[in-house]
Amino acid sequence: MRTQARLAEDGGFDGCMTSEHHGGFPNYLPNPLLAATWLLDATVRIWAAPCPLVLPLRPVSQVAEDLAWTHHRFPGRVGVGVCAGALPVDFEMAGVPFDEMFPRYRAALAELAAVLAGRAEGPLAHEPGVALLGAGQIPLVAAVQADKTTRRAAELGVGVLYDSLQSLDRTRQLSDAYMEAGGTGPRILIRRAWIGPPPADNMAAQMDRYRGYAPARAVATWGEDDSLIAGTDGAEVAERVHDAMVRAGCDVVNVRVFLAGLTPAQVHEQIRRHGEETVPRLRALLAR
């Protein structure tokens, strides 16, 4: 991961995201903020964010403290994205009742948004790292899949992160709802991207993993295909990624190159090629 972060930095990417699951779920991390510090320590410019971090599994005060202290160690290079969760085992291992997921998440998101906006209350407001944290210094986004959660994110002043398999039409509906509700934060599209012949078997295995735990409410919004964006070269990938961003009403894209069963060498090669071929073309398209 440290090698991949350095490759991403050399290739002109802006940052890296680390995702959370527990109990040995393949290729996810039990503490995505801890892993983000590994990437920050290995690089000099790019940001890193636990994104998404399963917010109901921890006391909000501890999440805020950890983020604040990490920001002070790596100023201006830390962000965070949060979600409610999906896997029962994550909650079982944290000792949190699974059926309390959504009430806990709604309350925790509102509190964390207030803290990161400079409105911490009670003992947390006097915690040294939090007290020295300026409003907006740690960007916050929330995973959303419904109109209601999208509007809530806008009201709280946080950005939005969309499901990587969500159809572009559905994502556009949510983007429109977010902006209509006054949202001004980033709207993040997630898409897997591949230069060259797409690895169909690996993509099929990855989709099986997703189907194994995704709730029905999420699957109902997925597109008809696997949402993989492939091209013969990075310029073609950039054109297709840009088109997807425009259609979805997004201004940020999380490019994922990992698929089930890929070797580190394959991932490294894709990061290199995207840095050389995809990123420059995509930046030019976005600048227009």
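Preceding this section is the structure that the text describes.
Everything numeric here is computed off the predicted structure, so don't read it as measured data.

J.: Looking at this structure, how should I read the packing of aromatic side chains?
T.: Aromatic ring pairs are described here by two measures, namely the spacing of the ring centres and the angle between the planes. According to the stated counting rule, one finds two aromatic pairs in the structure shown. Summarising the aromatic geometry, the rings of Phe 25 and Tyr 28 are spaced 5.4 Å apart at their centres and angled 65° between planes, so their arrangement reads as edge-to-face. Note on accessibility: Phe 25 and Tyr 28 belong to one class, buried. Here Phe 91 and Phe 98 contribute two aromatic rings whose centre-to-centre distance is 5.3 Å and whose plane-to-plane angle is 80°, an arrangement assigned as edge-to-face. Under the relative-accessibility criterion, Phe 91 is labelled buried at 1%. Overall, the relative accessible area of 34% leaves Phe 98 in the partly exposed class. The ring centre of Phe 74 lies 4.3 Å from the NZ or CZ of Arg 73, which sits over that ring.

J.: How do you make sense of the pairing of strand β5 (residues 140-143) when you look at a structure like this?
T.: Note on strand geometry: in a regular strand, side chains alternate between the two faces of the sheet. Of the strand pairs in this sheet, strand β4 (residues 80-83) and β5 are connected by three bridges, and their pairing is parallel. Bridge pairing in β5 places Gly 81 opposite Val 141. Here β5 pairs with strand β6 (residues 159-161) via three bridges, running parallel. Each bridged residue has a counterpart across the sheet, and for Val 141 the counterpart in β6 is Gly 159. Handedness of the β-α-β unit built from β5, helix α7 (residues 147-156) and β6 comes out right-handed.

Scoring rules and cut-offs
- Residues numbered from 1 in each chain as written.
- Predicted model: local features only at pLDDT ≥ 70, side-chain atom pairs only at ≥ 80, totals over all residues.
- Heavy atoms only, no water.
- Phe/Tyr/Trp six-rings, centres within 6.5 Å; stacked < 30°, edge-to-face > 60°.
- Buried < 20%, exposed > 50% of the residue type's maximum accessible area, 1.4 Å probe, protein only.
- Lys NZ or Arg CZ within 6 Å of the ring centre and 35° of its normal.
- Pairing = 2+ DSSP bridges.
- Helix = DSSP H or I, 4+ residues; strand = E, 2+ residues; numbered from the N terminus.
- Right-handed = clockwise from strand over helix to strand, strands pointing away.

Shape is all these values report; function is a separate question.
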